[in-house]
Amino acid sequence: MLQSLRIKNLALLEEVALEFEAGFTVVTGETGAGKSILLGALSLLAGERADKALIRQGSAGCEVEAALWFADPTSIDAVLATADLPPCEEGVLVLRRTVPRDKAPRITINGALATLGVLQQVGERWIDFHGPSEPRRLLRDSCQLELIDLYAKNGDRLTDYQARYDQWRELQAKRRRLTQETKLSAEQIQFLENQLAHFDALELTPEAIETLERDFQRMSSAQELMELATSLEGGLSGDDGANAQIARLMRDAHQLAEIDGSSEPLAERLAAVGIELADLAAEFGALANQFNFEPEEIEAVQTRMNTWMDLQRRHGRNLAAVITAREEMRARLDVQGDLEGALARLDKDIAAAERTAKTAAAALTKHRRGAAHELGKVAAQSIAQLGFQKADFRIELHALPDLGPSGDSAGEFLFSPNVGEAPLPLSRIASSGELARVMLALKTVLADLDAVPVLVFDEVDANVGGEIGRVVGEKMAAISEAHQVICVTHLPQVAAQGATHLVVEKDQSAERAVVTIRPLEGDREARIDELARMLGDRQAKSARTHATELLGARA
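Description of the structure in this document.

Parameters and conventions
Residues numbered from 1 in each chain as written. Predicted model: local features only at pLDDT ≥ 70, side-chain atom pairs only at ≥ 80, totals over all residues. Heavy atoms only, no water. Helix = DSSP H or I, 4+ residues; strand = E, 2+ residues; numbered from the N terminus. Polar contact = N/O pair within 3.5 Å; in protein donor to acceptor, adjacent residues only side chain to side chain. Phe/Tyr/Trp six-rings, centres within 6.5 Å; stacked < 30°, edge-to-face > 60°. Core = buried A, V, L, I, M, F, W, Y, C linked by side-chain atoms within 4.5 Å. Buried < 20%, exposed > 50% of the residue type's maximum accessible area, 1.4 Å probe, protein only. Contact = heavy atoms within 4.5 Å. Patch = residues over 30% accessible without salt bridge, like charges linked within 9 Å, V, L, I, M, F, W, Y side chains within 5 Å. Areas by Shrake-Rupley, 256 points an atom, 1.4 Å probe, with all protein chains shown as cover. Salt bridge = Lys/Arg side-chain N within 4 Å of Asp/Glu carboxyl O. Lys, Arg positive; Asp, Glu negative; His and termini not counted. Charge placed at Lys NZ, Arg CZ, Asp CG, Glu CD. Axes fitted to C-alpha atoms, helices over the stretch in contact; angles between N-to-C directions. Parallel < 35°, antiparallel > 145°, perpendicular 65-115°, else oblique. Expected span 1.5 Å × (residues − 1). Pairing = 2+ DSSP bridges. Arc of directions from axis to C-beta.

Before going further, it helps to spend a moment on the side chain of His501. Relative to the helices and strands, His501 is located in strand β14 (residues 500-507). At a separation of 3.2 Å, a polar atom in the side chain of His501 contacts the side chain of Arg527.

Here it is, written out as structure tokens:
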């Protein structure tokens, strides 16, 4: 759940720090007061792209920060782990986003720098927005099927089917590519064979390529390397080298030991140094001989290196890309020898993949059918509570002629708001107000199945009024039993249901407009005042009486 939110220099808002509680939070205010600022701040933290026009005029930048708490942060931590970001400590996630006017934006998650992509992935797991256009989604077939699958708990089955469907489609695409390729001419075959000869001239393994590049480097610098090794050998073993000087020093050390026996260990250590220097001289000499390459050996390595560099230029800068190019050429030649056989084998694989996909689709449809019937009944009861007492709502499942990305079936929501009229598809009969209520009824039914903890509703109760508004508020409150709900509303019947109430106000009395957001919980009179304003007149006794009745025993 969202615990705290701090907003600074966003649009007309200078700075505010808000604390949130679990349950149902309502946000109210005059039209144009700036309620969208709060939603904008949450959108930024969910990964929405930042528009620098949001920065408060005269400010160097805007900043949004939030702390969230999760009873089980496993899914959040999994995303953070893939991005090498710190996990949640004691279930707390800290998000911060800064949008400077003249610099690049900055995002931190749990104190570490993060990308916008990671912020979006995290956002998908903690917040879900439902705006004024949300009910219109119900008119889309994909949305209707998505809701059926959610109720059927078809997530794993759908993933399994889609994997099998994608495999089937990829095999079909492979066959199309194969049949679209014309038979190669003799010249084209000769060209491919020549190209493969270049590949086969090299051992394309990481170890072999590493050895080739090392040998080439050594041969390219052979003269310099040999001169250095020879110089080191001469410096150690020459007439005036270190070994000769050590020999003279060893004679003096032995004489010293004969006079003073206690110095014998020192003489032995000096003798050991002489032996080590003699070994070093011999090894440098051997190394110098290694750098004395035969011309034929240099030419062979140069030829292989030229081939390797040419393959890189043509096919990619790394070994994997070169190997892939070789296998593709070899496959083209192999197919030429048995084109009909390759197509026959592909047809067999395609048929097997199609059978597997159809089996998975049938299992998906079986669960959809039962879920569609049950969801239709439960949703119809919820819709009846929203003012459609004689309405008819049902969900039908249709078979598709061919397999598609979502299976072999599609759902259709049928609705009749009036008794005696046959239910028709939502797109043919539902008004915007009716759609809003149907969507809200479905959201109520599906709330327990939605794993996202924070749900934001932006005026989804538009086109709803009267006593139905109270029921809408009760539905929101019911959803808040399983989620933290933040609802921007113009309905006093909805606002009165909130456990927490935030009011957004715009002050234009001075030279510059200023937006403020303040909590009203704990101040019953302030809430009555705001509800009375929403009812039409905060000074009117009737409005205040009605507001008091709506608020009931709430603070």
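Here we take up the packing of aromatic side chains. Tallied over the full model, the rule gives three aromatic pairs. Each residue in the set Tyr161, Tyr165 and Trp168 is aromatic and connected to the rest through ring pairs, giving one cluster.

So, about the nonpolar core. In terms of nonpolar packing, the biggest core is built from 50 residues, with Leu5, Leu93, Ile109, Val122 and Trp126 touching the most fellow members. At seven residues, helix α1 (residues 35-45) tops the list of elements feeding residues into this core. Leave out the neighbours within four places in its chain, and Leu93 touches Ala66, Ala67, Leu68, Phe70, Ile76, Leu80, Cys88, Ile109, Asn110 and Val122. If you look at the next biggest cluster of nonpolar residues, it comprises 48 residues, including Leu397, Cys487, Ala495 and Met534.

Taken together, the side chains of Glu203, Glu207, Glu210 and Glu213 define an acidic patch exposed on the protein surface. Note on placement: Glu207 falls in helix α7 (residues 206-220). Residue Glu207 is classed as exposed on the basis of its relative accessible area of 55%.

Tallied over the full model, the rule gives 22 salt bridges. A salt bridge links Arg6 to Glu65, with the shortest nitrogen-to-oxygen separation between them at 3.4 Å. Placement of the pair is Arg6 in strand β1 (residues 2-10) and Glu65 in strand β4 (residues 61-69), with a sequence separation of 59 residues. Residue Arg6 is classed as partly exposed on the basis of its relative accessible area, which comes to 22%. Overall, the relative accessible area of 25% leaves Glu65 in the partly exposed class. Across the pair Arg313 and Asp310 runs a salt bridge whose closest N-O atoms are separated by 3.7 Å. Remark: Asp310 and Arg313 occur in helix α11 (residues 295-315); sequence separation between them is three residues, near one turn of the helix.

As a further point, take unusual backbone geometry. The backbone of Asn9 sits at a positive phi, close to 55 degrees, despite the residue not being glycine. For Asn9, the position within the fold is in strand β1. Look at Asn9 and you get buried, because its relative accessible area is 12%. In this structure, Glu90 is a non-glycine residue whose phi angle is positive, near 55 degrees. In this fold, Glu90 is placed in the loop between α2 (74-82) and β5 (92-100).

Further remarks concern the packing of α2 against helix α3 (residues 116-126). In contact at an axis separation of 10 Å, α2 and α3 are set at 170 degrees when each is read in the N-to-C sense. Compared by their axis directions, α2 and α3 come out roughly antiparallel. Here α2 contributes Ser75, Ile76, Val79 and Leu80 to the contact with α3, which in turn contributes Val118, Gln121, Val122 and Arg125.

Glancing now at helix α4 (residues 141-152). The terminal C-alpha atoms of α4, which comprises 12 residues, lie 17 Å apart, in line with the 16 Å expected from a rise of 1.5 Å per residue. Where α4 is concerned, the buried positions are Cys143, Gln144, Leu145, Leu147, Ile148, Asp149 and Ala152. Among the residues trailing α4, Lys153 stands out with phi positive, at a value near 55 degrees.

What follows is about the sheet that holds strand β9 (residues 392-404). The strand order across the open sheet formed by three strands is β9-β10-β11, and the pairing between neighbours is antiparallel. With partners counted over all chains shown, the strands left at the sheet margins are β9 and β11 (424-425), one partner each. Seen against the sheet, α4 touches β9 and β10 (407-416) and runs at an angle of roughly 100 degrees to β10.

For the rest of this paragraph, the subject is the pairing of strand β6 (residues 106-109). Note that β5 and β6 share four bridges and pair antiparallel. Paired with Thr98 across the strands is Arg106, a residue of β6. Counted between consecutive antiparallel strands, the loop separating β5 from β6 contains five residues. The turn joining β6 and strand β7 (residues 112-113), which pair antiparallel and follow one another in sequence, is formed by two residues; a positive phi near 55 degrees is taken by Asn110.

Attention now moves to the environment of Glu14. Note that Glu14 resides in strand β2 (residues 13-19). On the basis of relative accessibility, which here comes to 47%, the residue Glu14 falls in the partly exposed class. Counting along the chain gives 41 residues from Glu14 to Ile55, while the straight-line C-alpha distance between them is 9.9 Å.

What follows is about the pairing of strand β3 (residues 24-29). Within β3, six of the six residues are buried, which leaves the element mostly enclosed by the surrounding structure. Judged by which residues are buried, β3 turns out to be covered on both faces: Phe24, Val26 and Thr28 on one side and Thr25, Val27 and Gly29 on the other are all buried. Note: β3 against strand β13 (residues 484-488), four bridges, orientation parallel. Its bridge partner being in β13, Phe24 is matched across the sheet by Val485. Two strands pair when backbone bridges link them, and β3 and β14 are joined in this way by five bridges, in the parallel orientation. What sits directly across from Gly29, in β14, is Val504.

Moving on, we get to the side chain of Gln195. Within the secondary structure, Gln195 is located in helix α6 (residues 186-200). Judged by relative accessible area, Gln195 falls into the buried class, the value being 10%.

Turning to the environment of Lys174, a few remarks are in order. Relative to the helices and strands, Lys174 resides in helix α5 (residues 155-180). The spacing of Lys174 and Leu343 is 169 residues in sequence and 9.7 Å in space, taken between C-alpha atoms.

For α2, every residue scored as buried is listed here: Ile76, Asp77, Val79 and Leu80. Within α2, the buried residues cover an arc of 160 degrees as seen down the axis, which keeps them to one side. Exposed residues on α2 whose side chains face more than 90 degrees from its buried face are Thr74, Ala81 and Thr82. Tucked into the core, α2 has its buried residues touching β5, β6 and α3. Following α2 by one or two positions, Asp84 adopts a phi angle in the positive range, close to 60 degrees.

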